[in-house]
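Observations on the three-dimensional arrangement
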Amino acid sequence: MAKGYWVSVYPAISDLESLTVYDKLAAPAVQAGGGRNLALLPSRGGRVVAHEAGITQRVVLIEFDSFEQAVAAYESEAYQKALVAFPDGVERDFRIIEGID
């Protein structure tokens with residue numbers, strides 16, 4: 001079975017404090033849904049090299065055992081509550097993708 005992934009790129013963050021509030025709510029919801037953080041760059045010291053239209057702002061990659069599990073985690077009550085706290089001062093490109101089996 002192919003894994004599922006949440007891929008988030010943040011082109012603009014103007015309210016880092018509020019984003020931290022969202023992070024504290026989202027992390028337990030993601031874990032409860034079976035998600036595992038593979039990358040949270042550059043905020044955890046990781047390196048980013050951007051090419052073409054890429055940016056070096058925050059990038060998050062979360063792995064799930066399946067695409068269906070990734071979708072269910074996003075749609076879960078716990079994660080939807082976390083989304084209420086997602087700040088207006090943050091622009092995010094968020095996708096749920098299916099891995100190659």
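Everything discussed here concerns the structure shown above.
Residues numbered from 1 in each chain as written. Predicted model: local features only at pLDDT ≥ 70, side-chain atom pairs only at ≥ 80, totals over all residues. Heavy atoms only, no water.

1. Details of the pairing of strand E1 (residues 4-13)
Operational definition: For two strands to count as paired, DSSP must find a minimum of two bridges between them. Under the scheme used here, helices are H or I runs from DSSP no shorter than 4 residues and strands are E runs no shorter than 2 residues, and both carry numbers assigned from the N terminus.
One ladder, built from 6 bridges, connects E1 with strand E3 (residues 59-64); its direction is antiparallel. By the bridge assignment, Gly4 is partnered in E3 with Phe64. Bridge analysis of E1 against strand E4 (residues 90-98) gives 8 bridges, and the strand direction is antiparallel. Counted as the bridge partner of Ile13 is Val90 from E4.

2. Examining the environment of Thr56
Filter applied, for reference: What makes two residues a contact is simply this: any of their non-hydrogen atoms within 4.5 Å.
Mapped onto the fold, Thr56 is located in the loop between strand E2 (36-41) and E3. For the pair Thr56 and Ala39, spaced 17 residues apart in sequence, the C-alpha separation works out to 13 Å. Beyond its immediate sequence surroundings of up to four residues, Thr56 is in contact with Pro42, Val48 and Ala50.

3. Focus on the nonpolar core
Inclusion rule: Here, the term nonpolar core denotes a set of buried Ala, Val, Leu, Ile, Met, Phe, Trp, Tyr and Cys residues that are joined through side-chain atoms within 4.5 Å. Only protein chains enter the calculation, and the probe is 1.4 Å; a residue is then buried if its accessible area is under 20% of its type maximum, exposed if over 50%, and partly exposed in between.
Grouped together as the largest cluster of nonpolar side chains are 18 residues, with contacts concentrated most on Trp6, Tyr10, Tyr22, Phe64 and Tyr79. Sorting the residues of this core by element identifies E1, helix H1 (16-32), E3, helix H2 (67-75) and helix H3 (77-84) as the ones contributing at least two each. For this core, the leading source of residues is H1, giving 5 residues. Not counting residues up to four positions away in its chain, the partners in contact with Trp6 are Val30, Val60, Leu61, Ile62, Phe64, Ala70, Ala73, Tyr74, Tyr79, Phe94, Arg95 and Ile96.

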